[in-house]
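Each chain, letter by letter, is given below.
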Amino acid sequence: MTARRTAAKIYRGTARSLRFLARCLRAGELVAVPTETVYGLAADALNARASAKIFRAKGRPTHDPLIVHIHSFAQLELLAKTNDAAKRLAKKFWPGALTLVLPKKKRVPAIVTAGLPSVAVRMPRHPLMRRLLRLCDRPLAAPSANPFGYVSPTTAEHVRAGLGKKIRFILDGGPAAVGLESTIVDLRDPRHPRLLRPGAISRRQIEDVLGIKLRSVPTRGGAKHAPLPAPGLLDRHYSPRTPLVLHKKMSRTRAAKSGLAEAWLFFARPAGLTGPNVFWLDARGDAYRAARRLFSRLRALDGRGFEKIHAEAAPAGDLAEAINDRLRRAAGLGQA
Ligand code: TXA
Ligand code: MG
């Protein structure tokens, strides 16, 4: 796609702009949309040509499938072959930060699922996204609205910074409330559910509803030539450009002695330590607030010219698996 000279326009969620953006989507245009997890780059999921534009705008390889966003259970039935386990999870967590992978129905174009016989579906909670989905009355394919491989966007400004020259329309829904991409559960075979990506809805919460343990999907762990166990689960993903080193527990003494070229991103405010290179995700170490800020902090630090970012892992707790997954990928380490 050729770069456009004018930057994308950011629309506030007025009734008028929602109607306009819904028309754009129905006409096959791309619109960046707010969700409670991260911003997505949306297109009509039933229109193969529209969905193909997503890959071009993001520079995303076409073997990496998209998530399809819906507003009703009727739309789920339109796209996927459901099962009891999927329905139980959907009833409990939708609308919300949960994506289900199920066998697809024929009408879902191959480009959306990267040729796979399965489709990933999510019913988002963000009120503007829900209104837009209802107005355009089409399921919307939308991966995160960032150039492929970079940190996911949690504000409309992040989207403009990354894709402003490639797209025309951005709907501003404020900062994302969750801040991490959705939990992805593979339920093609309900007897063997798999956790494809940890997110704010934790492994434990899902296992509680299903009554079975979730299997995990390991990434290649650096073995370049092994096939990918699941599409899109690249070891290096969500990465800032500045090299990032992950520490289980970060040493205040080391941070205090380090030169100013290295940034130290603590999980909670480190008592007694301050400096122009000392940062934290949340003063009191609240995991929900930390998750919400993680991507914007990484972006901000990435823009400050540090040679290295040291980041501290989240301590044990409900959100730790998801936060530490993103930090490991930012460090190029893949899944645990
Ligand atoms: O929170 C989210 O999930 C956000 C918002 C916009 O909804 N979306 C998002 O999409 O993060 P993204 O860029 O991560 O891409 C979707 C990922 C793929 O990389 C792949 O890992 C998984 O979803 N996926 C999609 N379809 C799949 C399928 N049929 N089988 C297995 N994994 C699939
Ligand atoms: Mg993504």
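Keep in mind that this is a model prediction, so the values were computed, not measured.

Criteria and cut-off values
- Residues numbered from 1 in each chain as written.
- Chains lettered and ligands numbered in written order.
- Predicted model: local features only at pLDDT ≥ 70, side-chain atom pairs only at ≥ 80, totals over all residues.
- Heavy atoms only, no water.
- Phe/Tyr/Trp six-rings, centres within 6.5 Å; stacked < 30°, edge-to-face > 60°.
- Helix = DSSP H or I, 4+ residues; strand = E, 2+ residues; numbered from the N terminus.
- Polar contact = N/O pair within 3.5 Å; in protein donor to acceptor, adjacent residues only side chain to side chain.
- Contact = heavy atoms within 4.5 Å.
- Axes fitted to C-alpha atoms, helices over the stretch in contact; angles between N-to-C directions.
- Parallel < 35°, antiparallel > 145°, perpendicular 65-115°, else oblique.
- Left-handed = near helix turned anticlockwise from the far one by under 90°.
- Nonpolar A, V, L, I, M, F, W, Y, C, P; charged D, E, K, R; others polar.
- Pairing = 2+ DSSP bridges.
- Near = heavy atom within 4 Å.
- Areas by Shrake-Rupley, 256 points an atom, 1.4 Å probe, with all protein chains shown as cover.
- Patch = residues over 30% accessible without salt bridge, like charges linked within 9 Å, V, L, I, M, F, W, Y side chains within 5 Å.
- Salt bridge = Lys/Arg side-chain N within 4 Å of Asp/Glu carboxyl O.
- Lys, Arg positive; Asp, Glu negative; His and termini not counted.
- Charge placed at Lys NZ, Arg CZ, Asp CG, Glu CD.
- Buried < 20%, exposed > 50% of the residue type's maximum accessible area, 1.4 Å probe, protein only.
- Core = buried A, V, L, I, M, F, W, Y, C linked by side-chain atoms within 4.5 Å.

Asker: Any details on the packing of aromatic side chains? Residues and values, ideally.
Answerer: Geometry of an aromatic ring pair is reported as the spacing of the ring centres plus the angle between the planes. Tallying each qualifying case throughout the model produces five aromatic pairs. Geometrically, the ring pair formed by Tyr11 and Phe20 is tilted, given 5.7 Å between the ring centres and 35° between the ring planes. Centroid distance Phe279 to Phe306: 6.0 Å. Interplanar angle 80°. Geometry classified as edge-to-face. One end of the pair, Phe279, is in strand S14 (residues 278-280); the other, Phe306, is in the loop between helix H9 (287-302) and strand S15 (308-312), and 27 residues separate them in sequence. Among the aromatic side chains, those forming a connected cluster through ring pairs are Tyr11, Phe20 and Phe169.

Asker: Account for the side chain of Asn146, naming residues and giving values.
Answerer: Inspection of the secondary structure puts Asn146 in the loop between strand S7 (140-141) and helix H6 (156-163). One polar contact links Asn146 to Ser144, side chain to side chain, over a distance of 2.6 Å. Aside from chain neighbours lying at most four places away, what touches Asn146 is Lys58, Val151, Ser152, Pro153, Leu163 and Arg299.

Asker: Requested: an account of the packing of H9 against helix H10 (residues 320-330), with residues and values cited.
Answerer: The contact between H9 and H10 brings their axes to 11 Å, and the two run at 20°. Judged by the angle between their axes, H9 and H10 are roughly parallel. Handedness of the H9/H10 crossing: left-handed. On H10, the residues that touch Ala287, Ala291, Leu294, Phe295 and Leu298 of H9 are Ile323, Arg326, Leu327 and Ala330. Tallied by class, residues from the contact of H9 with H10 come to eight nonpolar, no polar and one charged.

Asker: Before we move on, could you go through the sheet that holds strand S10 (residues 194-197) and cite the residues and values that matter?
Answerer: Reading across the sheet, the eleven strands line up as S1-S8-S2-S3-S7-S4-S6-S5-S9-S10-S11 and stay open at both edges, with mixed pairing between neighbours. Either end of the sheet is taken by a strand with one partner, and the two such strands are strand S1 (9-12) and strand S11 (215-216). Relative to the sheet, helix H1 (residues 15-26) contacts S1, strand S2 (31-33), strand S3 (40-44), S7 and strand S8 (169-172), its axis offset from that of S8 by approximately 140°.

Asker: Summarise the site of ligand 1; cite the residues concerned and give the values.
Answerer: Around ligand 1, a shell composed of 25 residues is seen, among which Thr37, Asp64, His69, Ser182 and Arg197 lie nearest. Arg197 has a polar side-chain atom sitting 2.5 Å from an oxygen atom of ligand 1. Starting from 680 Å² of accessible surface for ligand 1 in isolation, the protein chains cover 96%. When contributions to the shell around ligand 1 are tallied by element, the ones reaching two or more residues are strand S4 (67-69), strand S6 (118-122) and S10. Its residues placed into classes, the shell around ligand 1 shows 13 nonpolar, seven polar and five charged.

Asker: Give me unusual backbone geometry: which residues, what numbers.
Answerer: For the peptide bond that leads from Trp94 to Pro95, omega is -5°, which places it in the cis range. Of note, Pro95 is situated in the loop between helix H4 (84-93) and strand S5 (98-103). You will see that Ala114, though not glycine, has its phi angle at about 55°, which is positive. Structurally, Ala114 is set in the loop between S5 and S6. Here Asp137, not a glycine, exhibits a phi torsion of approximately 55°, which is positive. Tracing the backbone shows Asp137 in the loop between helix H5 (127-136) and S7.

Asker: Requested: an account of the packing of H4 against helix H7 (residues 203-210), with residues and values cited.
Answerer: In contact at an axis separation of 9 Å, H4 and H7 are set at 125° when each is read in the N-to-C sense. In terms of their interaxial angle, H4 and H7 are classed as oblique. Between H4 and H7 lies a crossing whose hand is right-handed. On H7, the residues that touch Ala85, Arg88, Leu89, Lys92 and Phe93 of H4 are Gln205, Ile206, Val209 and Leu210. Grouping the constituent residues of the contact of H4 with H7 by class yields six nonpolar, one polar and two charged.

Asker: Which residues make up a positive patch on the surface, and what are the values?
Answerer: On the surface, Lys9, Arg16, Arg19 and Arg23 cluster together into a positively charged patch. Examining the composition of the positive patch, we find that three residues originate from one element, H1, more than from any other. One can find Arg16 in helix H1. A relative accessible area of 68% places Arg16 in the exposed class.

Asker: Could you give an account of the nonpolar core, with specific residues and numbers?
Answerer: Ranked by size, the top nonpolar core spans 46 residues in total, and within it Leu100 and Ile167 carry the most contacts. Every element with two or more residues in this core is listed here: S3, helix H2 (48-58), helix H3 (73-79), H4, S5, S6, H6 and H7. The biggest single contributor to this core is H4, with five residues. Each residue touching Ile167, except ones within four places of it in the same chain, is listed here: Ala8, Leu30, Ala32, Leu41, Ala57 and Val159. The next biggest cluster of nonpolar side chains, apart from the first, holds 28 residues, and it includes Leu265, Phe267, Ala290 and Phe306.

Spatial relationships are all this shows, so hold off on functional conclusions.
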